[in-house]
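Residues per chain, in single letters:
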Amino acid sequence: MTIKPFKLERYYTLYEFTADYLLCSSDCEAISIRELLALEDGAAEKMFDLNLGYTETKGAPELRRDIATIYKEISPADLLVCSGAQEPIFLFSQAMLKAGDEVIVQSPCYQSLQSVPESLGCRVKEWKVRYKRNTPTFDLGELEQMIGPKTKIIYLNTPHNPTGFHFTETEQAAIVAMARKNNIIIFCDEVYRELERDLQYRIPAIADVYEQGVSLGVMSKTYGLPGLRIGWLATKNHSILNKIAILKEYTTICNAGPSEFLAGVGLRNREKLIAKNLQIVENNLPLLDVFFDKYANLFSWHKPIAGPIAFVKMNFDEHDGLFAERVLKEKKVLLLPGDIYDYNGFFRIGFCRNNMPTALAKFEEFVVENLI
Ligand SMILES: Cc1ncc(COP(=O)(O)O)c(C=O)c1O
């Protein structure tokens with residue numbers, strides 16, 4: 001298999017643990033095992049008694065019951081638990097595609113959504129973001145034009161990495177109608193779902209509204225538990241799940257039992273985790289508003305209605321990669337340059353970390369010392 005290196009994950013491998021301040025994280029503030037177990041009476045004792053045998057390939061039945069509560073129409077049998085969100089993205093494309101197939105993917109995107117189909121010899125059509133008065137949009141008319149007789153899968157990601165864009169329910173219904181008419185599977189990366197700043201922005205999971213819809217969920221982002229490496233696919237289409245389970249027996253076979261147990265505790269208490277993380281977002285966003293107002297000549301941003309990230313436009317002439325390199329070198333603050341997404345002139349910021357105010361203050365020092 002020949003696949004392009006994953007630019008974003010390479011970048012994080014190099015810098016995540018050496019930078020002092022992460023100003024671009026897409027995962028929300030994590031908590032400790034102790035804090036997680038404290039959310040449920042008796043959970044710590046149960047954890048000590050956990051048997052460390054293999055677990056079920058599909059995921060423990062109790063965990064699948066907890067995951068199913070996120071959805072309206074999904075039952076435990078409609079779920080396959082995997083390692084994080086990355087493994088199911090990889091396995092889904094491997095299981096469903098062959099050379100010559102055609103897929104559509106939002107662009108820019110989290111790279112595996114595009115690079116895995118490309119590595120299989122598929123034609124990948126990019127549904128490109130259009131900025132209208134600073135606001136990211138995806139044009140439904142363009143999508144309709146892109147659909148052809150060979151289109152097998154539409155890959156969506158909402159709330160979207162990196163732009164912070166989020167579909168409305170009406171837009172989602174229109175995409176489902178197009179897919180249904182053309183017998184196309186929709187794979188929707190919903191790793192930032194449930195981090196809407198107001199409930200009015202929450203849209204249904206694709207697996208709840210489309211019989212050929214596959215929803216991707218994970219503990220890493222909205223719930224702030226990336227170290228568990230627990231993610232899942234939800235779909236009513238069991239033939240898809242079965243194909244992926246067969247491949248999973250070649251990768252991780254089953255999930256880590258302790259992680260499955262802890263993910264269950266997290267999900268049964270997810271309203272608390274969501275409230276904690278939304279509070280961090282609401283504390284941080286006003287600081288970003290002030291910052292971007294103050295430096296409007298240098299940067300433009302669109303404040304997202306959902307998710308923990310935004311894509312910031314640079315209004316001055318410097319390569320985003322070199323800019324991020326300078327900021328890292330001088331202030332040990334990590335930004336994620338648009339170059340990582342092959343989308344230059346922007347950088348990604350993240351705002352669901354407790355120390356974001358300090359990271360922003362350090363970044364501001366750089367701005368004042370170098371750009372004013
Ligand atoms: C849109 C999107 N999908 C999937 C992933 C992978 O998630 P995980 O690290 O939990 O495997 C990420 C991580 O950044 C992401 O942003």
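Residues numbered from 1 in each chain as written. Predicted model: local features only at pLDDT ≥ 70, side-chain atom pairs only at ≥ 80, totals over all residues. Heavy atoms only, no water.

Draft legend 1. Main features of the pattern of salt bridges. Summed over the entire model, instances satisfying the criterion amount to 23 salt bridges. The partner of Arg180 in a salt bridge is Glu211, with the nearest N and O atoms 2.9 Å apart. With a gap of 31 residues between them, Arg180 in helix 8 (residues 169-181) and Glu211 in the loop between helix 9 (206-209) and strand 9 (213-218) connect regions that are remote in the sequence. Residue class for Glu211 comes out partly exposed when judged on its relative accessible area of 40%. A single salt-bridge network, built from bridges that share partners, covers Glu194, Glu196, Arg202 and Arg270. (Salt bridge = Lys/Arg side-chain N within 4 Å of Asp/Glu carboxyl O. Helix = DSSP H or I, 4+ residues; strand = E, 2+ residues; numbered from the N terminus. Buried < 20%, exposed > 50% of the residue type's maximum accessible area, 1.4 Å probe, protein only.)

Draft legend 2. Fine view of the site of the ligand. Residues in contact with the ligand amount to 15 residues; listed here are only the nearest, Asn161, Asp189, Tyr192, Ser220 and Lys221. Here an oxygen atom of the ligand sits 2.6 Å away from a polar atom, N or O, in the side chain of Lys221. Within the side chain of Arg229, one N or O atom sits 2.9 Å away from an oxygen atom of the ligand. For the ligand, whose unbound accessible area comes to 390 Å², protein coverage reaches 93%. Per-class residue counts for the shell around the ligand are six nonpolar, six polar and three charged. (Near = heavy atom within 4 Å. Polar contact = N/O pair within 3.5 Å; in protein donor to acceptor, adjacent residues only side chain to side chain. Areas by Shrake-Rupley, 256 points an atom, 1.4 Å probe, with all protein chains shown as cover. Nonpolar A, V, L, I, M, F, W, Y, C, P; charged D, E, K, R; others polar.)

Draft legend 3. Spatial organisation of helix 10 (residues 238-248). Considered for burial, the residues of helix 10 that qualify are Ile240, Leu241, Ile244, Ala245 and Lys248. The arc that holds every buried residue of helix 10, seen down its axis, measures 130 degrees, which confines them to one face. Against the buried residues of helix 10 lie strand 2 (79-83), helix 5 (86-96), strand 8 (185-189), strand 9 and strand 10 (230-234). (Arc of directions from axis to C-beta. Contact = heavy atoms within 4.5 Å.)

Draft legend 4. Examining the state of the cysteines more closely. This structure, assessed with the given rule, holds zero disulfides. With no disulfide of its own, Cys188 lies closest to Cys109 among cysteine sulfurs, the gap being 13 Å. The class of Cys188 is buried, set by a relative accessible area of 2%. Distance from the sulfur of Cys352, which forms no disulfide, to the nearest cysteine sulfur (Cys28) is 3.0 Å. Residue class for Cys352 comes out buried when judged on its relative accessible area of 1%. (Disulfide = S-S within 2.5 Å.)

Draft legend 5. The arrangement of the packing of helix 13 (residues 320-331) against helix 14 (residues 356-370) in detail. Look at helix 13 against helix 14: their axes get within 10 Å of each other, and the N-to-C directions meet at 110 degrees. With respect to their mutual orientation, helix 13 and helix 14 come out roughly perpendicular. The residues of helix 14 that touch helix 13, namely those facing Phe323, Arg326, Val327, Glu330 and Lys331, are Lys362, Phe363, Glu365, Phe366, Glu369 and Asn370. Its residues assigned to classes, the contact of helix 13 with helix 14 shows four nonpolar, one polar and six charged. (Axes fitted to C-alpha atoms, helices over the stretch in contact; angles between N-to-C directions. Parallel < 35°, antiparallel > 145°, perpendicular 65-115°, else oblique.)

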